Amino acid sequence: MQDANQLSGDLEFQRGIGQQGSSPHEVPSLPVGQWLRKNLFSNWGNSLLTLLGSFLALLALRGVLNFVFSENREWDAVRTNLRALMTLSYPESQYIRVWVSLGFVAGLAGLSAGLWANWGGVSVKRLSTWLMGSGGLLAVCVIVREPSVILGSDGKVVRTVDGSPQRESFLDAMVDRSSWWIAAAVLLALGTLLWGRFTSPDRRGVEVSVTSVVFVSLGLALLSLWVAPYGHYAFISETKSYVAESGRTVAFSTKLPWTVMLALLCGFFYLGRILRRSDYAGIIKGASNLLWLISPLTLFWVVLRDPALDYGHVMSTDLPMGLAFGFLGGAVLWSLTRPGVGEAGRLVATMLLGFAIFNWVAAFFGWYPMLQKARISFLLLAIAALLAPNFIGEIAKRRQLVLSWLGVTALVHYLATMINTPSTVELQSSEFLGGLGLTLFVALIVVLLSFPLGVLLALGRTSKFPIFRMLSTSYIEVIRGVPLISVLIFFSVMVPLFLPDGMELAELAAVLTGYTLFSAAYLAENVRGGLQSITKGQYEAADAIGLTAAQRTGFIVLPQALTVSIPQLVGQVISTFKETSLLAIIGLFDFLRVANSVIPAQSEFLGVKREGILLVAMIYFFFNFTISKYSQRLERRVGLGER
Amino acid sequence: MASSAPQSIHHERPPLYRDVTVVKWVVQVVALLLTIGALWFLAKQAGDNLRASNVPTDYDFLSVNPGIDLSSGIDTDPDTGGRALWVGMVNTLRMAIAGIFVATIIGVLVGLARLSNNWLLRKLGTVFVETLRNVPLLVQILFYGAIFASLDRVSMDVGPINGWLHISNKGLSMPRVHIADGFYQWMIVIGIGLFAANFLRKRRIAQQDLSGEETYPILSAFGLIVVIGILGWFVHPIFGFVGNIFNSLSSVVSAIPEGVLQIVLALLSVALSGYWIRGFLNSRRTPAGLAKLTDDDYFRMIFAGTGGVVGAVFFLFLWPGLSSWMINSGTDLFEVLSNKFGNGRSGRPIDVALPDVVQVGKFPNYGPSGLNFSIGFAAVFFGVVFYTAAFIAEIVRGGILAVPKGQTEAASALGLRRSTALRRVVIPQAARVMLPPLGNQYLNLTKNTSLAIAVGYSDIVQVGQTVYNQTGKTLPVVSIWMFFYLSCSLSISVIVNFFNVRMRIVER
Amino acid sequence: MSIDDATTVANDRLADREDMIVCVDVDKFYGDFQALKGVTATIKEGEVAVVCGPSGSGKSTWIRCINRLEVHQGGDIVVDGIELTNDLRNIEKIRSEVGMVFQQFNLFPHLTVLDNITLAPIWVRKKPRAEAEAMARSLLDRVGIPEQAEKFPGQLSGGQQQRVAIARSLAMEPRVMLFDEPTSALDPEMIKEVLDVMKELARSGITMMVVTHEMGFAREVADRIMFMEGGEIVEVGTPEHFFTNPTEDRTKLFLSQIL
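About the thresholds
- Residues numbered from 1 in each chain as written.
- Chains lettered and ligands numbered in written order.
- Predicted model: local features only at pLDDT ≥ 70, side-chain atom pairs only at ≥ 80, totals over all residues.
- Heavy atoms only, no water.
- Contact = heavy atoms within 4.5 Å.
- Buried area = accessible area lost by both parts, 1.4 Å probe.
- Salt bridge = Lys/Arg side-chain N within 4 Å of Asp/Glu carboxyl O.
- Polar contact = N/O pair within 3.5 Å; in protein donor to acceptor, adjacent residues only side chain to side chain.
- Helix = DSSP H or I, 4+ residues; strand = E, 2+ residues; numbered from the N terminus.
- Nonpolar A, V, L, I, M, F, W, Y, C, P; charged D, E, K, R; others polar.
- Buried < 20%, exposed > 50% of the residue type's maximum accessible area, 1.4 Å probe, protein only.
- Pairing = 2+ DSSP bridges.
- Domains from an automatic or database assignment.
- Expected span 1.5 Å × (residues − 1).
- Phe/Tyr/Trp six-rings, centres within 6.5 Å; stacked < 30°, edge-to-face > 60°.
- Lys NZ or Arg CZ within 6 Å of the ring centre and 35° of its normal.
- Axes fitted to C-alpha atoms, helices over the stretch in contact; angles between N-to-C directions.
- pLDDT = per-residue confidence, 0-100.
- Left-handed = near helix turned anticlockwise from the far one by under 90°.

A. The arrangement of the interface of chain B and chain A in detail. Taken together, the contact between chain B and chain A spans 69 residues of the former and 73 residues of the latter. Each partner contributes to the roughly 6,200 Å² buried at the junction of chain B and chain A, and carbon and sulfur atoms together form 72% of this total. Across the chain B-chain A interface, the total number found is zero salt bridges. The tally of links between chain B and chain A comes to nine residue pairs in polar contact (both at pLDDT 80 or more). Broken down by element, the residue count for the side of chain B that touches chain A peaks at 14 residues, all from helix H1 (residues 20-52) of chain B. Taken together, the residues of the side of chain B that touches chain A sort by class into 42 nonpolar, 17 polar and 10 charged.

In structure tokens:
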């Protein structure tokens, strides 16, 4: 019986840990001595584990520090090539475009955060433990790192007889690192001060908002750019070779733009906060969502590419065509939503769809020429016509449909015109973006495109139509059974073979297609989980009030299913982002490829790989960790809201 | 009165385009035809393009010397393309199996550490998991590869234990335990041993149930296998006759005429659809005779029947080569088996070889006798193992936390001992939650070994790429990849499902 | 025998009304289990018919066949002169004329109460939003919860949810309302508020078919009570006939068990 009690006690404790681990407000409320005894030295076995664990941890920490700060590391390789890592060979003279894009995104992010976010606060007590923890960790790091090598008068490493470098004595090393000691001491002191002031019961609950913590940390990082001279080189490229030139620091060239970025972020955040309370909050929220959808495309193809518009062509072809589609299509839609249009509406929509599909088939065989823009517009018009029966009725609803049609037409034609216009930016490589820019772009496009496809596949797989189920299931399972790299190779090598004569697809487009098709299969599985959680009663209720199958899916099933599968969808976004690294294998210059192949091929940094890869790893980690933490927080808040 | 009204209903069949069942099936059949049509069109297009560029899509390269060297594997200088791909497959499987084994151990340990009541262990576990799963696997593999490449050069007196364990920029070399001459005969003995042991275990359990005494069924069965295995070490050559059986099987298969096999396949296809239709009709049968069949049911049966006939036509006329392929490969399979099990293989079943360093030309290198892990292998291995271990750790943690607290309370209320409660109550339930995602991770690990291409380890993708670069036969190579990986994922899901079903039975 | 007699008795008030729901020899199979065995009945316009019987007797299956949530395999169902066949248009028409209230409410948890009610009028009946919302509010008023319009279903009690579900069905202005055990999932103290709404509905003259175990409700408002067992209608009659003078032994047994 005693055993049994012990067991239940143990498991209870385990459970407590699980909950503690997942709770955001895990604050040790015991005195330090008791806390240590309870969490580290509760019994002999535990003490042994603690000792062993700290030994291993110190060893690992020492290994990492020695690796990072070793005299053999050539961090200059990374510093010099920062620009290549971010945007490959984007011309320096046009860099303002990159900053404008980034600034736009920063402003939009700030605005959205201000409009939507409700991150709550973090208690000062918790903050103080963080400060103390990082101070302590810093101090430990300073101690465990091996002493530095001694540089002789010629600037070279002094070596002992057997060739290994001679190092300072431990004491000298500690004295040399006095600035680090001071930093650690400041952190510890600050933490202790706050801890002391905010442990009294009445001030325990004092919180600061998460946003101010984030902004202050960003501000401190920015401040360090202004005061510390990071890097001693700037990257310039001449005719396909990479040359390092000394004289200017990276900090020097980027501190001003970064300040602007932070200002935009904060400024728009507080603007969003104000607008949130205004009467137009709904409209502004919708507008910001719309901007999120279209701005990546616009920034990528218009701002970064800087298309050189041929106004003659615009006036003679593009503009009239856009206007024609907008207004004639609008007129068609207006008449299709007339009350009492009846079966004729469906007939017209079906005929339009047939015509639109026929246009694509004809394009495939090259029967007659037609601008791609026109084909896309006809297809969109057919889809709008199919949706039209839902908008039959009052004037306001019909106007809504026609106005949306006008907006979509304007946007599509604008983008298509811009994409088809040659770029004025002079580039050394075939793709005009590389490095981190390419990685982000591919991840974004794949996530956006695979979403509708994945939802369709999931619907097919859960459909009650056996053939649809069979087709979707076999597609999903085949794709999930093979590795991404084989799909990417297949698409980059094979797609040209599948296309008829005269049709071409850029390699990036082929790879994007393959990656999207791949990602959609995984996304479908995540959505399927959500779909399966919808009870049969929801379907029956929707049928009983007379909704059509499409309305049932759009209004009842999908909104609930997608909400349920948000955590899995975020996980899918993260893994899509991670797997973008595979682009490096199939010959696109993403930033991993720059770190792994481009930098080690430069004459100054022959074979220098590890530093660049480490930086790439850190950037990936930063993005993924932030997204996953945010989604966990979101999940918890949604979960709390439900209860 | 009221009941007279119903008789006046006159039935009318709705027009086809408004009939739910017709619309439903027409839409589906059209979708199916469109899909098949699109695939057929793409295939035809690709075929035309390949012919136009003079790249035939046959599989001849499988039996032609590709002229490539592989960095590692059971045969680094394969004499046919097929052999090269086979080496790649073996490398992939070797990596996957070893990786699954090690990743599971590390993952379970880290997962338990994250649940420990020791604060430090918990934090270390968290750091491990968060770091590894948020950095792309490829970045990790390249990083490990870059580190291993900077190790010391190999020399004749390479350490750390010269002659036993070598670590250098050429990778790791250690003693190899390998299958020797008599292995297959010995496996027959082991098979018999397994059979006997299972019998013994069941008897022991029956005894225990009867008498209530502890009879150690698992332990005694295990002991029996060991005894039989040791015995078999000496007597296995007597099973040489099995080779002859396979030999005669091989000649039987080769004697089957192609036409007969074609007809059999066609009949099989028709019979299968007939069988399905019969089963379907039976499932609709009620005690009072056949239940009313809906239009849907008729469509289903028509569809199944059409499928059977289409299959028969396919086997008879469209793809007659299939039967000769089946006969040839069947013959080959049994021939290989007869070789492996044949007489005259009387050596030890298992042998050990020590690693060596040889100097051919200017530079010393690892010799072929030890078990050599190239840098590529080590990089991919550490990469996939740590990466997968991080995910497995999360699965283990989630699985254990998913067992409701009431379960352990109930167990302790029954007076079960701690170990019994864990073994009989907590672990079975946690395992049920953990198994499906665990299977997924094993599958991911297997697929992730394909990243070996980035560090030049000869897995199937890397070998395949080399082969198609040499021969230009991209499509056949890609089809072999697909086939290989799909078989792997199918096997893993079959295994996982098997355990899953067993778990469910345990639960009930 | 009894069916003709009983309907005659019941139909004094309703004798000259139109037939609203006509079922003839309706069969329904689940695999090899026959859930409905030749169910034949006629329900007149404005009639309130209560269907009762032990669980598994097929009463829910029958009511669900009437708006084709289940597909019947034999016999005919005609609602308001429209035959329920494979015809898409007929199914559409019948569903928009027949409202249904479920045991588990089946409100849409991601929509507010108001959106739950206005969804079908706006998208199926193509009503202007303002008009639909005005009607929704008046319906909420009618079922007694006008103040809950902006809340989500999860924030309401079971009784309130079921009343919203009734309002949602009424918003389609149906000619027939089907109730599938509307009070079975409710706590006892909430049953009355739902029954009150249903009584008010019954008095308003809408055709109602109610599967329920609430015998008090049946006695008070039903024009006819149908007793089902084993997939068949065993006995039909007025409440008076049914409660005081049942003819069939199975009916007597059932009544003795639940009363």
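B. Main features of the interface of chain C and chain A. At the junction of the two partners, chain C supplies 23 residues and chain A supplies 22 residues. Carbon and sulfur atoms supply 61% of the area buried between chain C and chain A, which totals about 2,000 Å² over both sides. Taken together, chain C and chain A are joined by one salt bridge. In this structure, Glu-540 of chain A engages Arg-64 of chain C in a salt bridge whose closest nitrogen and oxygen atoms are separated by 2.4 Å. Where chain C touches chain A, the interface holds seven residue pairs in polar contact (both at pLDDT 80 or more). Secondary structure elements with two or more residues in the side of chain C that touches chain A: strand S6 (98-101) and helix H4 (113-123) of chain C. If one sorts the elements of the side of chain C that touches chain A by residue count, H4 of chain C sits on top with four residues. A class-by-class count of the residues in the side of chain C that touches chain A yields 14 nonpolar, three polar and six charged.

C. Geometry of the side chain of Asp-19 of chain B. Checked against the element boundaries, Asp-19 of chain B lands in the segment before H1. On the basis of relative accessibility, which here comes to 0%, the residue Asp-19 of chain B falls in the buried class. Those residues within four positions of Asp-19 of chain B in sequence are excluded, and the remaining contacts are Arg-13 and Pro-14 of chain B together with Asn-86 of chain C.

D. Quick look at the pairing of strand S8 (residues 207-211) of chain C. All names here are of chain C. In terms of residue burial, S8 counts as a mostly covered element, since five of its five residues are buried. Residues of S8 alternate between two faces, with Thr-207, Met-209 and Val-211 on one and Met-208 and Val-210 on the opposite face, all of them buried. Note that strand S3 (residues 48-52) and S8 share four bridges and pair parallel. Among the inter-strand pairings, Val-48 is bridged to a residue of S8, identified as Met-208.

E. Highlighting the pairing of S3 of chain C. Residue and element names in this part refer to chain C. Within S3, five of the five residues are buried, which leaves the element mostly enclosed by the surrounding structure. Neither face of S3 is exposed, since Val-48, Val-50 and Cys-52 on one face and Ala-49 and Val-51 on the opposite face are all buried. Sheet analysis places S3 next to strand S9 (residues 224-229), joined by four bridges and oriented parallel. Paired with Val-51 across the two strands is Met-226, which belongs to S9.

F. Quick peek at the domain arrangement of chain B. By domain assignment, chain B separates into domain 1 (81-136 + 375-503) and domain 2 (252-340). The C-alpha centroid of domain 2 of chain B is placed 37 Å from the C-alpha centroid of domain 1 of chain B.

G. Geometry of helix H6 (residues 217-235) of chain B. Residues and elements named next belong to chain B. End to end, H6 covers 27 Å across 19 residues, agreeing with the expected 27 Å (1.5 Å per residue, within 8%). Taken together, the buried positions of H6 are Pro-217, Ser-220, Ala-221, Ile-228, Gly-229 and Gly-232. Packing partners of the buried residues in H6 comprise helix H5 (183-211).

H. Expanded view of the pattern of salt bridges. Residues and elements named next belong to chain B. For the structure shown, the criterion picks out 27 salt bridges over all chains. One salt bridge connects Lys-44 with Asp-48, and the closest N-O pair in it is separated by 3.5 Å. Linking Lys-44 with Asp-48, this pair stays in helix H1, spanning four residues, or about one helical turn. Classification of Asp-48 as partly exposed rests on a relative accessible area of 32%. As a salt-bridge pair, Arg-114 and Glu-394 come within 2.5 Å of each other at their nearest N and O atoms. Linking Arg-114 in helix H2 (residues 81-115) with Glu-394 in helix H11 (residues 375-401), this pair joins segments that are 280 residues apart in sequence. For Glu-394, a relative accessible area of 19% corresponds to the buried category.

I. Main features of helix H18 (residues 466-481) of chain A. For H18 of chain A, spanning 16 residues, the distance from its first C-alpha to its last is 22 Å, which sits close to the expected 22 Å at 1.5 Å a residue. Looking at H18 of chain A, one finds that the buried residues are Ile-467, Ser-472, Ile-476, Ile-479, Arg-480 and Gly-481 of chain A.

J. The environment of Gly-125 of chain B, seen in detail. On the secondary structure map, Gly-125 of chain B appears in helix H3 (residues 119-133). Along the backbone, Gly-125 of chain B and Leu-414 of chain B are 289 residues apart, and their C-alpha atoms lie at a distance of 34 Å.

K. Main features of the packing of aromatic side chains. The tally for this structure, following the rule as stated, stands at 40 aromatic pairs over all chains. Aromatic pair Phe-215 of chain A and Tyr-270 of chain A: ring centres 6.2 Å apart, planes at 55°, arrangement tilted. One end of the pair, Phe-215 of chain A, is in helix H10 (residues 210-227); the other, Tyr-270 of chain A, is in helix H11 (residues 250-276), and 55 residues separate them in sequence. On the basis of relative accessibility, which here comes to 43%, the residue Tyr-270 of chain A falls in the partly exposed class. When the ring of Phe-246 of chain B is compared with that of Phe-334 of chain B, the centres are 6.2 Å apart and the planes differ by 20°; the resulting orientation is stacked. One end of the pair, Phe-246 of chain B, is in helix H7 (residues 241-254); the other, Phe-334 of chain B, is in helix H10 (residues 321-341), and 88 residues separate them in sequence. Ring pairs connect the aromatic residues Phe-128, Tyr-144, Phe-148, Phe-377, Phe-381, Phe-382, Phe-386 and Tyr-457 of chain B, which therefore count as one cluster. For the cation-ring pair, Lys-397 of chain A lies above Trp-123 of chain C, with the distance from its terminal atom to the ring centre recorded as 5.3 Å.

L. Structural context of the sheet that holds strand S1 (residues 19-30) of chain C. Residue and element names in this part refer to chain C. Spatially, four strands are ordered S2-S1-S4-S5 in an open sheet, and the strand pairing comes out antiparallel. Each end of this open sheet is capped by a strand with a single partner; those strands are strand S2 (33-44) and strand S5 (82-83). Pairing geometry for S1 and S2, over eight bridges, is antiparallel. The partner of Phe-29 across the bridge, within S2, is Gln-34. Of the strands in this sheet, S1, S2 and strand S4 (74-79) touch helix H2 (residues 59-66), which is tilted by about 60° from S2.

M. Representation of the sheet that holds S6 of chain C. All names here are of chain C. The mixed open sheet is built from six strands, whose spatial order is S6-S7-S8-S3-S9-S10. On the outer flanks of this sheet lie S6 and strand S10 (232-237), each paired with one strand and no other. Each strand axis lies, on average, 20° off the axis of its neighbour in the sheet, ignoring direction. Contacts from helix H7 (residues 188-203) reach S3, strand S7 (176-180) and S8, with the element oriented near 145° to S8.

N. Structural context of the environment of Val-154 of chain B. For Val-154 of chain B, the position within the fold is in the loop between helix H4 (137-149) and strand S1 (160-161). Those residues in contact with Val-154 of chain B that lie beyond four places of it in its chain are Ser-168, Asn-169, Lys-170, Val-357, Pro-364, Asn-365 and Tyr-366 of chain B.

O. Local environment of the side chain of Thr-337 of chain A. All names here are of chain A. Examined against the element boundaries, Thr-337 turns out to sit in the loop between helix H13 (311-336) and helix H14 (343-365). A relative accessible area of 0% places Thr-337 in the buried class. From its side chain, Thr-337 meets the backbone oxygen of Leu-333 in a polar contact 3.0 Å long. At a separation of 2.9 Å, a polar atom in the side chain of Thr-337 contacts the main-chain carbonyl oxygen of Trp-334. What Thr-337 contacts, discounting residues up to four positions off in sequence, is Ala-388, Phe-391, Ile-392, Gly-393, Arg-398 and Leu-401.

P. Up close: the confidence of the model for chain B. Averaged over chain B, the pLDDT score is 81; the fraction of residues at 70 or greater is 93%. Under a pLDDT of 50 for its full length, residues 1-8 of chain B has, in the predicted model, nine contacts with residues more than four places off or in other chains.

Q. Examining the packing of helix H19 (residues 484-498) of chain A against helix H20 (residues 507-532) of chain A more closely. Residue and element names in this part refer to chain A. Here H19 crosses H20 at 140°, and the two axes come no closer than 8 Å. Classified by chirality, the crossing of H20 by H19 is right-handed. Of the residues in H20, those touching H19 at Leu-484, Val-487, Leu-488, Phe-491, Ser-492 and Val-495 are Glu-507, Ala-510, Val-511, Thr-513, Gly-514, Tyr-515, Leu-517 and Phe-518. The residue inventory of the contact of H19 with H20, partitioned by class, reads 10 nonpolar, three polar and one charged.

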